Amino acid sequence: MIIKVIMAVYLLILLITAYYLWHNRNGNFLMYNSKSTENFKSIMTWTAIFLLAECLLGVFLLWQSNRYLNLITLILSSITILSFSLLINQKNE
């Protein structure tokens, strides 16, 4: 039961993150903006879409009887956030 509660909180955080990235894709994100990174808007848009899809998948997997299926959500969201951070920090040399 506690795993479902923790995963529900994690999915809520993923949803809030996707919402934040979607609504700030035309503006600034921390110290990054469209002037500092050439494909800033597309990175923010696709990351928000992937996080939303993973959140929906996570909600579906949350109610399955196998608690180890929640690892799929954790792994996918970790990879998405890792690739977002690597892409946004990539130097345009």
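As shown above, the structure is provided for reference.
Residues numbered from 1 in each chain as written. Predicted model: local features only at pLDDT ≥ 70, side-chain atom pairs only at ≥ 80, totals over all residues. Heavy atoms only, no water.

### Section: the packing of helix H2 (residues 40-62) against helix H3 (residues 70-88)
1) Next: Viewed as axis vectors pointing N to C, H2 and H3 meet at an angle of 175 degrees, and their least axial separation amounts to 9 Å. As far as their axial angle goes, H3 and H2 are roughly antiparallel. When H2 is examined against H3, the residues Phe 40, Ile 43, Met 44, Thr 47, Phe 50, Leu 51, Glu 54, Leu 57, Gly 58, Leu 61 and Leu 62 are found in contact with a partner set consisting of Asn 70, Ile 72, Thr 73, Leu 76, Ser 77, Thr 80, Ile 81, Phe 84, Leu 87 and Ile 88.
2) Next: Residues that form the contact of H2 with H3 fall into these classes: 14 nonpolar, six polar and one charged. (Axes fitted to C-alpha atoms, helices over the stretch in contact; angles between N-to-C directions. Helix = DSSP H or I, 4+ residues; strand = E, 2+ residues; numbered from the N terminus. Parallel < 35°, antiparallel > 145°, perpendicular 65-115°, else oblique. Contact = heavy atoms within 4.5 Å. Nonpolar A, V, L, I, M, F, W, Y, C, P; charged D, E, K, R; others polar.)

### Section: the environment of Leu 14
1) Next: Counting through the fold element by element, Leu 14 comes out in helix H1 (residues 2-23).
2) Next: Along the backbone, Leu 14 and Ala 48 are 34 residues apart, and their C-alpha atoms lie at a distance of 9.3 Å.
3) Next: Apart from the residues lying within four places of it in its own chain, the contact partners of Leu 14 are Leu 51, Thr 73, Ser 77 and Ile 81.

### Observations regarding the nonpolar core
1) Next: Within the largest apolar cluster, 14 residues are counted, with the highest numbers of intra-cluster contacts made by Leu 11, Leu 21, Met 44, Leu 51 and Phe 84.
2) Next: Those elements that place two or more of their residues in this core are H1, H2 and H3.
3) Next: Residue contributions to this core peak at seven residues, all from H2. (Core = buried A, V, L, I, M, F, W, Y, C linked by side-chain atoms within 4.5 Å. Buried < 20%, exposed > 50% of the residue type's maximum accessible area, 1.4 Å probe, protein only.)

### Brief notes about the packing of H1 against H3
Helix-helix packing is described using two parameters, namely the angle between the two axes and the distance between the axes.
1) Next: Orientation of H1 relative to H3, taken along the N-to-C sense of each, is 30 degrees, at an axis distance of 11 Å. In terms of orientation, H1 and H3 fall into the roughly parallel class. Of the two elements, H1 crosses H3, and the hand of that crossing is left-handed. Each of Ile 3, Met 7, Tyr 10, Leu 11, Leu 14 and Leu 21 in H1 lies in contact with H3, whose residues at this interface are Asn 70, Thr 73, Leu 74, Ser 77, Ile 81 and Phe 84.
2) Next: Counted by class, the contact of H1 with H3 contains nine nonpolar, three polar and no charged residues. (Left-handed = near helix turned anticlockwise from the far one by under 90°.)

### Overview of the packing of aromatic side chains
1) Next: Under the defined criterion, the tally for this structure stands at one aromatic pair.
2) Next: Between the aromatic rings of Trp 46 and Phe 50, the centroid separation amounts to 5.9 Å while the plane-to-plane angle is 35 degrees, which identifies the pairing as tilted. Here Trp 46 pairs with Phe 50, and both are found in helix H2, just four residues apart, close to one helical turn. (Phe/Tyr/Trp six-rings, centres within 6.5 Å; stacked < 30°, edge-to-face > 60°.)

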